[in-house]
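Here is what each chain is made of, one letter per residue.
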Amino acid sequence: MSKKFPPASRACMAMLLIAGISSTRFAQADENGAAVFLNNCASCHGASAEGIDGLAPPLRNTELWSKLGSSAPDYISGVVTSGMSGKISVEGQSYRGMVMPPQTHLSSAELAAVSTYVLKELNGHSAIVPAELIEAKKQMPVAHTKLLALRQGETGNEQVAVVVQTGN
Ligand code: HEC
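Residues numbered from 1 in each chain as written. Predicted model: local features only at pLDDT ≥ 70, side-chain atom pairs only at ≥ 80, totals over all residues.

**Student:** Before we move on, could you go through the overall build of the protein and cite the residues and values that matter?
**Tutor:** The helix and strand inventory of the protein stands at eight helices and two strands. Listing the helices and strands of the protein from first to last along the sequence gives α-α-α-α-α-β-β-α-α-α. By residue count, 29% of the 168 residues in the protein fall in the buried class. Residue pairs in contact within the protein that sit at least 24 positions apart in sequence constitute 66% of those at least 6 positions apart. (Helix = DSSP H or I, 4+ residues; strand = E, 2+ residues; numbered from the N terminus. Buried ≥ 20, exposed ≤ 12 C-beta atoms within 10 Å, placed from the backbone. Contact = placed C-beta atoms within 7 Å.)

**Student:** Would you mind going over the site of the ligand in detail, with residue names and values included?
**Tutor:** Taken together, 27 residues sit near the ligand, with Cys41, Cys44, Tyr95, Met98 and Met100 positioned nearest. For the shell around the ligand, the elements supplying multiple residues, two or more each, are helix H3 (42–45), helix H5 (72–82) and helix H6 (108–123). Partitioning the shell around the ligand into residue classes produces 19 nonpolar, seven polar and one charged. (Near = placed C-beta within 6 Å. Nonpolar A, V, L, I, M, F, W, Y, C, P; charged D, E, K, R; others polar.)

**Student:** Got a sec to walk through unusual backbone geometry? Specific residues and values, please.
**Tutor:** Unusually for a residue other than glycine, Ala49 sits at a positive phi of about 60 degrees. Non-glycine residue Glu91 carries a positive phi angle of around 45 degrees. With respect to the element layout, Glu91 can be found in the loop between strand S1 (89–90) and strand S2 (93–94).

**Student:** Talk me through the packing of H5 against helix H7 (residues 131–139); I want residue IDs and the actual numbers.
**Tutor:** Where H5 meets H7, the axes come as close as 9 Å, and the angle between the chain directions of the two elements is 50 degrees. For the element pair H5 / H7, the angle class is oblique. The chirality of how H5 crosses H7 is right-handed. Residue-level inspection shows Pro73, Ser77, Gly78 and Thr81 of H5 in contact with H7, the latter providing Leu133, Ile134, Lys137 and Lys138. A breakdown of the residues in the contact of H5 with H7 according to their chemical character gives three nonpolar, three polar and two charged. (Axes fitted to C-alpha atoms, helices over the stretch in contact; angles between N-to-C directions. Parallel < 35°, antiparallel > 145°, perpendicular 65-115°, else oblique. Left-handed = near helix turned anticlockwise from the far one by under 90°.)

**Student:** Explain the packing of H6 against H7 to me, and be specific about the residues and the numbers.
**Tutor:** Packing of H6 against H7 leaves a shortest axis separation of 8 Å and a crossing angle of 115 degrees. The two elements H6 and H7 meet at a crossing, and its hand is right-handed. Contacts between H6 and H7 involve Ser108, Ala109, Leu111 and Ala112 from the first element and Ala131, Ile134, Glu135 and Lys138 from the second. For the contact of H6 with H7, the per-class residue count stands at five nonpolar, one polar and two charged.

Now the structure itself:
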């Protein structure tokens, strides 16, 4: 009678504990770039990053990312932290008047993971985006006009001095 936890409920607690542990694992897996993308970017950029006409440009765009080259981490970290506006054209489609809000509700680790996912997984780029670079951009947000200039290949040389590792 005074037994607080009969065997059945003890088994139940053990299961809850296991469930708790595995859901912690899932929480960590959220920093997985693909998951961050699906939960936060796909609604505008499309589930396969193919873009949505009249809403947001494709993020699968190897031409753009290879043209950006070593500036790619600088560009994408600026876009996710400052958002983006201004005229962007991709394959004849123009995305003028569309505004991307800054994604600063996401942690620097999540933004680093999703940015790296866009570069590496979606575009076969060799660079990764470290959380430190995101952090630096959060501290000193980049103007949209600077981002557009960078996108168009005019290097403003205002890049934050953070060592960007390039994988191989
Ligand atoms: C509310 C819709 C919306 C969400 C959510 C959103 N974006 Fe965007 N994104 C846009 C729009 C619109 C543009 C184009 C802005 C312009 O025309 O200047 C854009 C532009 C971009 C660009 C520049 C593309 C290019 O061709 O230069 C990148 C990179 C990008 N977004 C990444 C992301 C990532 C990563 C996420 C998720 C963390 C995200 N976006 C979430 C709407 C969104």
